[in-house]
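Survey of secondary and tertiary structure
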Amino acid sequence: ARQRLALSKAIFHEVPGVRGAVAVALLTGDRGAIPEKVWSNLRDSGLAHLLAISGLHVGLMAGLLFTVARAALALFYWLARIFPVKKWAAVISLIGAFGYLQVTGSTIPTQRAFLMIGMGLTEVMLDRVPFSMTVVAWAALVILLITPESLMTAGFQMSFAAVVALISAYEAMGPILGQLRSRGGWGRRVCLYCGGVLLTTLIAGTATSPFAAFHFNRVATYGLAANLFAVPVMALWIMPWGLATYFMLPFGWQNLGLVPMTAGIGFVLDVAERVASWPGAVRLILTMPNAVLILVTLGGLWLCIWTTRLHLLGVGAVAMGLLIGSVADPPDILINERGNLHAVRMNADEIVVSSDRPGFVRDSWLRRYGVSISRSWKALLLDTNAPLRCDSLGCQISLKGRRIAISKDPRAHEDDCNSADIPLSSVPVRIDCTSPDVVIDRFGLWREGTYAIYLKMGGVRVDTVQQYRGSRPWSP
């Protein structure tokens, strides 16, 4: 941690501002200094993965070290003729990759990348062909043995989904790509590289988009276009100068590497800003049921692992999962555990929230509904045709043929119990209230946590946090 802090200070001393913050993120893994606006542009353009230290960065660092070390050793004719300098370069590359893993924080995607690179370099030392599904399985096994809970994280799922899909696709297309590469000169190789960037982005984006939609409720529409311009700059300019910066740091010459590196970073940030400003750059996705992710994951694995025609059965599972996701029914009403924040889904595009103040819970609800903005109750009350009426004791709203009463004063309970289908109160209901479909008061919220209410034709369905959490020693 001390080394990372010292490195960050040295970078900021030479290159302050946003570009320096991105350089710090790439060289130390510390992304705390990047402004939210920049993060928003990177997410909306599909370039956020460039700052998440993973296979791209570790692979580039290890590959650059391997190439430089092997070329340097080959300069000594007698050394290269007697000793296996290729294996020596693999050892140097492995040591450098481990150092990069440590200095960038050892996140789950970085661990996965290092384990795969380590296995690949070990196979080079043993004169074997590296990189296959076996390497992926090895990396997953080690990570899950050490941190089994990482299986449920977005980083693990997206990282392994991308690499499994890429290995499967390129193993299938390997002979064809090899023939294309062997024929023709530099012009064809440049075209193949650009096509490879497009194909890699398309495969990885397709493989990770279900997980991005499930965890973050958003998909970058123009990620393919943004990556076509940004990835070559990252691979051919930014990361090589980043490696040079590491070598120059002990001599205090880091500015020689940071100036050209941050010039490339500026280009990437400009691409992100431009693409993020395009209309429809981000598509918000409604929260999907768990069954969708399970079916898509199993179907995708079946499609990638099998090498016979049986792998086509995986397409059916993926299609079934997407079909379930397309007909997902979100809750009509949400009430937080204190009963002082409510969200009502008026229709597919309009969410009304009882408070217009930004907050973690409110923003999370909007994200899970797949919308970016909402109307406040104050704005809805100004609409004379709106199905919402409020007084000093509470509010009543009509939704899907039912009347929902929301109160914060015990004096409203008797009237709400007689006239409303669903009384909701932030204080205890102490009278006999049995006629409504559902009664939710302060005691119920304290026991069950946040409520989600679904208004169905045949009745009312209620989900609570306690139902999913279960009985735990640390829960009330």
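Here goes a summary of the coordinates provided.

Rules behind the numbers
- Residues numbered from 1 in each chain as written.
- Predicted model: local features only at pLDDT ≥ 70, side-chain atom pairs only at ≥ 80, totals over all residues.
- Heavy atoms only, no water.
- Helix = DSSP H or I, 4+ residues; strand = E, 2+ residues; numbered from the N terminus.
- Buried < 20%, exposed > 50% of the residue type's maximum accessible area, 1.4 Å probe, protein only.
- Contact = heavy atoms within 4.5 Å.
- Areas by Shrake-Rupley, 256 points an atom, 1.4 Å probe, with all protein chains shown as cover.
- Lys, Arg positive; Asp, Glu negative; His and termini not counted.
- Charge placed at Lys NZ, Arg CZ, Asp CG, Glu CD.
- Pairing = 2+ DSSP bridges.
- Axes fitted to C-alpha atoms, helices over the stretch in contact; angles between N-to-C directions.
- Disulfide = S-S within 2.5 Å.
- Phe/Tyr/Trp six-rings, centres within 6.5 Å; stacked < 30°, edge-to-face > 60°.
- Lys NZ or Arg CZ within 6 Å of the ring centre and 35° of its normal.
- 1 Å grid on protein atoms, 1.4 Å probe; cavity = no way out; pocket = protein on both sides within 12 Å on 5 of 7 lines; lining within 4 Å.
- Points joined across faces, edges and corners; volume = space filled by probe spheres on them.
- Nonpolar A, V, L, I, M, F, W, Y, C, P; charged D, E, K, R; others polar.

When you go through the chain residue by residue, the secondary structure sums to 19 helices and twelve strands. Put simply, the chain has 476 residues, and 43% of those count as buried. At a minimum sequence separation of 6, the contacts of the chain that also span at least 24 residues come to 56%. Counting only carbon and sulfur atoms, one obtains 64% of the accessible surface of the chain, whose full area is about 25,600 Å². Averaging the locations of the 42 positively and 29 negatively charged side chains of the chain gives two centres separated by 13 Å.

What follows deals with the sheet that holds strand β8 (residues 394–399). Spatially, four strands are ordered β7-β8-β9-β10 in an open sheet, and the strand pairing comes out mixed. Because the sheet does not close on itself, it has two edges, and the strands there are β7 (388–390) and β10 (422–425). The mean angle between the axes of side-by-side strands here comes to 15°, regardless of whether they run parallel or antiparallel. Bridge count for strand β9 (residues 402–407) against β10 is four bridges, and the pairing is parallel. Following the sheet pairing, I404 is matched in β10 by I422.

Going through the model one piece at a time under the given rule, you end up with two disulfides. Across a sulfur-sulfur distance of 1.9 Å, C390 and C395 are joined as a disulfide pair. One quick way to see it: the torsion about the S-S bond of C390 and C395 is about 110°, and its sign makes the bridge right-handed. Residue classification places C395 among the buried positions, given a relative accessible area of 15%. The disulfide partner of C417 is C433, and the S-S distance across this bridge is 1.9 Å. Looking along the S-S bond of the C417-C433 disulfide, the torsion reads about -115°, which is the left-handed sense. Of this pair, C417 sits in helix α17 (residues 413–419) while C433 sits in the loop between β10 and α18 (442–448), placing them 16 residues apart in sequence. In this pair, the class of C417 matches that of C433, namely buried. Here the bonded cysteines of the chain are numbered in sequence order, and their pairing is 1-2, 3-4.

The next thing to look at is the environment of V438. Mapped onto the elements of the fold, V438 is located in the loop between β10 and α18. Given the relative accessible area of 14%, V438 is considered buried. The contacts of V438, once residues within four sequence positions are left out, are D421, I422, P423, V460 and V462.

This brings us to the packing of aromatic side chains. Taken as a whole, this structure holds eight aromatic pairs when the rule is applied. Their ring planes at 55° and their centres at 5.7 Å tell us that F98 and F114 sit as a pair that is tilted. With F98 in helix α6 (residues 85–103) and F114 in helix α7 (residues 108–125), the pair connects residues that are 16 residues apart, well separated along the chain. Given a relative accessible area of 43%, F98 falls into the partly exposed group. In this structure, R461 is placed above the aromatic ring of Y454, and the distance from its NZ or CZ to the ring centre is 3.9 Å.

Spatially, six strands are ordered β6-β5-β4-β3-β11-β12 in an open sheet, and the strand pairing comes out mixed. In the strand order of this sheet, the two ends are held by β6 (375–376) and β12 (459–464), each with one partner. Two elements, strand β5 (residues 350–353) and β6, share two bridges in a ladder whose sense is parallel. What sits directly across from V353, in β6, is S376.

Picture a little ball the size of a water molecule; that probe, rolled over the atoms, points out where space is still empty. Counted by the stated rule, this structure contains two cavities of 30 Å³ or more. If you add up the space inside the largest cavity, you get close to 70 Å³. Around the largest cavity, the lining residues are V22, L26, L42, L47, L50, L51, M234, I238, I265, V268 and L269. Where the lining of the largest cavity is concerned, the elements lending two or more residues are α2 (18–28), α11 (223–248) and α12 (254–276). The biggest single contributor to the lining of the largest cavity is α12, with three residues. Considered class by class, the residues forming the lining of the largest cavity number eleven nonpolar, no polar and no charged. The calculated volume of the second largest cavity comes to roughly 30 Å³. In terms of lining, the second largest cavity is formed by S407, H413, D416, C417, P423, L424, S425 and V429. Residue composition of the lining of the second largest cavity, grouped by class: four nonpolar, three polar and one charged.

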